[in-house]
Amino acid sequence: MEPKIQSRIGSLELNNPLLTASGTYGNGREYSNYIDLHCWGGLVTKGLTLESRSGNSGIRIVETAAGILNSIGLQNPGIEYFIKEELPFLEKLKIPVIVNIAGRRIRDYEELARRLDPFSTVSALEVNVSCPNVREGGLAFGTNPGLVYEITARLREITTKPLIIKLTPNVADVGEIAIQAEKAGADAVSLINTLMGMEIDVERQKPMLGNIVGGLSGPAVKPVALRMIYQVYRQIKIPIIGMGGITKGEDAVAFLLAGARAIALGTVNFVNPKAPLEIKNYLLDYMRRHNFSSLEEMVGLAHRERED
Amino acid sequence: MLQESVLIEKNEEIAPGLYFLKIRNEQMAGEAQPGKFIHINLGTIYDPLLRRPMSILNAQGETLSVLYQVVGRGTRIMTRFRPGDEIDVLGPLGNGFEIEDSGQNFLIGGGVGAAPLVFLAHRLPKKGVDNKFFLGMRERELLFIKDFLPEEVEFFSSHENSPRGEAKQVTDLLPPHLKTKKKTSLYCCGPEGMYREIAGLCNDCSDFSIQVSIDRRMGCGVGTCLGCAVKVKKPPREEPQIVRACVEGPVFRWQEVNIDGT
């Protein structure tokens, strides 16, 4: 019998556990030339703000050892354009769409949630409190457990859509932040956003990125992400969407075993647009080999030994 | 646009540190246009991580070629590709040059970045048109490019170590050719400083259009990562906007990218 790879995040049902990581897939349009977007369990859109943002100036992307540093700066056309021009395209896809929202103030997030709430195409909201690349951006919220509680609680009052809080790894205790999100009524947490880093051009004796610092992603960060998911899994009951450097089937399985109920692919899309197909095939094959009939049996399994 | 495993036909060092790579894929070759690029997966399984964008040097029948200079880890790895190997290629990507109906076409290249102009030289109309290729080099390392050009294209070159009185920069070659009343199209590939100088030389000329290929660090190559931002001003919009070199470019009108008007 074919193993069941359906997954569930709150009330959101996914055909498979693979999501796009926000900011690495636009709103799906570009990759629809290369791949059938229905291979995804859901699409997570590029971070959306109330007003349009032109992003950071200077060099925005630098390759590092097994990874990249980026400082795009939440470039996006703003919510009005998104609703008018992007939602109709997403609606036609008939796959779950998770809209990633970001703001400077709590009321920006509230306004975004309020305006997106009426649209049935928007299956869930991912709340970006972890972008490392904008000065007054979400990171100021995401590193403060009290503010994460507050923002989640306020959004909970505005929308019944599943609320996913995207957490930053750039904190001493990610578990404490996840606990606050759960307490305030989040349906899930997603982690990790990028790790803050920088690179210096030694010949020019200057930082490489126009924004000086940026977010590190790619295979280099995978062990860090995996550890955080493993850790947070023991501290909360709500589902975890795991991400950070997944490039192949083994990585995806490891994230599920660590406790993720869904997984997002990000940087790998830039290198291999066929990655979701390859990873899905690996997952099915893996489940057959190990006699798992559903994803549920795998989630968090790596914690077993400690419990014994 | 495709993501395909393609066969390598040739990967040869044709001048010190400069390689000629030829791949076989009928559809990719068919869709290739001057100014577009292909995005090559190094096959390193994620270190170095990103694909390498390469301008198309030429495309004929079922094959497509690029010219690359060994400058870092990625291009050094590419030198190890062997004929018969298969590599994962995405493309052709980007917009390409718009071939205009002009009395003469000037193709102006600085360094190895001039490669797409070779392809363009093959696609320009031949009858009743003057096509001229101007190439700036450090030494004489790129002279072989002349052999890639169609016969009817006039070739001029400059080198930084030229004796006194001879052209050192590619822009030194241009002034005598600019004294013309013919409608002239300039197609340029090189550093942005070169574009600025060329535009300066054309300031007093009447009927000139300038297209330039803009070089940016690229991530995905298909328009999602927003890494390769270019600030442009496109009338009728008065405000500058940010576009992507990989989708809306890499070729732009000079007046669109020269937004501060210098």
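Quick word on empty space enclosed by the protein
Tallied over the full model, the rule gives 2 cavities of 30 Å³ or more. Counted as a void, the largest cavity has a volume near 520 Å³. Of the residues contributing to the lining of the largest cavity, the split by class is 17 nonpolar, 17 polar and 2 charged. Estimated volume of the second largest cavity: approximately 30 Å³.

Section: the environment of Ser 130 of chain A
Residues and elements named next belong to chain A. Position of Ser 130 relative to the elements: it lies in the loop between β8 (122–128) and α3 (139–142). Along the primary structure Ser 130 and Thr 168 are separated by 38 residues, whereas in three dimensions their C-alpha atoms are 4.7 Å apart. Leave out the neighbours within four places in its chain, and Ser 130 touches Gly 138, Leu 139, Lys 166, Leu 167, Thr 168 and Asn 193. Within polar-contact distance, the side chain of Ser 130 engages the backbone oxygen of Lys 166 at 2.9 Å.

Describing the layout of surface pockets
Counted as a void, the second largest pocket has a volume near 810 Å³. Around the second largest pocket, the lining comprises 26 residues; the ones closest to its centre are Gln 75, Asn 76, Pro 77 and Tyr 81 of chain A together with Ile 242 of chain B. Here the lining of the second largest pocket gets 4 residues from one element, more than from any other, and that element is strand β14 (residues 241–244) of chain B. Here the residues of the lining of the second largest pocket sort into 7 nonpolar, 11 polar and 8 charged.

A look at the domain arrangement of chain B
All names here are of chain B. Segmentation of chain B into domains returns domain 1 (2–93), domain 2 (97–213) and domain 3 (217–262). Put simply, the middle of domain 1 and the middle of domain 3, counted by C-alpha atoms, are 25 Å apart. Counting residues at the interface gives 7 residues for domain 1, matched by 8 residues for domain 3. Between domain 1 and domain 3 the total buried area reaches about 560 Å² when both faces are included, carbon and sulfur atoms providing 70% of it. Linking domain 1 with domain 3 are 0 salt bridges, by the criterion used here. Put simply, domain 1 and domain 3 have 2 residue pairs in polar contact (both at pLDDT 80 or more) between them. At the level of elements, β3 (37–40) and β7 (86–93) are the ones that each hand at least two residues to the side of domain 1 that touches domain 3. Across the side of domain 1 that touches domain 3, the residue classes break down as 5 nonpolar, 2 polar and no charged.

Looking at the state of the cysteines
Residue and element names in this part refer to chain B. In total, this model carries 0 disulfides over all chains according to the counting rule given. With no disulfide of its own, Cys 220 has Cys 225 as its nearest cysteine by sulfur position, at a separation of 4.0 Å. Using a relative accessible area of 1% as the deciding quantity, one classes Cys 220 as buried. With no disulfide of its own, Cys 228 has Cys 246 as its nearest cysteine by sulfur position, at a separation of 3.8 Å. Residue classification places Cys 228 among the buried residues on the basis of a relative accessible area of 4%.

Concerning the interface of chain B and chain A
Across the boundary between the two partners, chain B contributes 26 residues, which contact 32 residues of chain A. Here chain B and chain A share an interface that buries about 2600 Å² over both sides, 60% of which is from carbon and sulfur atoms. For the pair chain B and chain A, the interface holds 2 salt bridges. At the boundary of chain B and chain A, one finds 10 residue pairs in polar contact (both at pLDDT 80 or more).

Observations concerning the sheet that holds strand β7 (residues 97–101) of chain A
Strand-to-strand pairing in sheets goes through backbone hydrogen bonds, with the strands running parallel or antiparallel. All names here are of chain A. Read from one edge to the other, the open sheet built from 8 strands follows the order β3-β16-β15-β10-β9-β8-β7-β4, with strand pairing classed as parallel. Either end of the sheet is taken by a strand with one partner, and the two such strands are β3 (18–20) and β4 (43–44). Judged from the 5 bridges that link them, β7 and β8 form a sheet pairing that is parallel. The residue bridging Val 99 from the neighbouring strand is Leu 125, located in β8.

Topic: unusual backbone geometry
Residues and elements named next belong to chain B. A cis amide bond, omega -5 degrees, links Asp 47 with the succeeding residue Pro 48. Its place among the elements puts Pro 48 in the loop between β3 and β4 (52–55). For the peptide bond that leads from Gly 91 to Pro 92, omega is -5 degrees, which places it in the cis range. Checked against the element boundaries, Pro 92 lands in strand β7.

Regarding the confidence of the model for chain B
Mean pLDDT over chain B works out to 93, with 99% of the residues at or above the 70 mark. Complex prediction metrics read pTM 0.93 and ipTM 0.91.

Reading guide: rules and limits
Residues numbered from 1 in each chain as written. Chains lettered and ligands numbered in written order. Predicted model: local features only at pLDDT ≥ 70, side-chain atom pairs only at ≥ 80, totals over all residues. Heavy atoms only, no water. 1 Å grid on protein atoms, 1.4 Å probe; cavity = no way out; pocket = protein on both sides within 12 Å on 5 of 7 lines; lining within 4 Å. Points joined across faces, edges and corners; volume = space filled by probe spheres on them. Nonpolar A, V, L, I, M, F, W, Y, C, P; charged D, E, K, R; others polar. Helix = DSSP H or I, 4+ residues; strand = E, 2+ residues; numbered from the N terminus. Contact = heavy atoms within 4.5 Å. Polar contact = N/O pair within 3.5 Å; in protein donor to acceptor, adjacent residues only side chain to side chain. Domains from an automatic or database assignment. Buried area = accessible area lost by both parts, 1.4 Å probe. Salt bridge = Lys/Arg side-chain N within 4 Å of Asp/Glu carboxyl O. Disulfide = S-S within 2.5 Å. Buried < 20%, exposed > 50% of the residue type's maximum accessible area, 1.4 Å probe, protein only. Pairing = 2+ DSSP bridges. pLDDT = per-residue confidence, 0-100.

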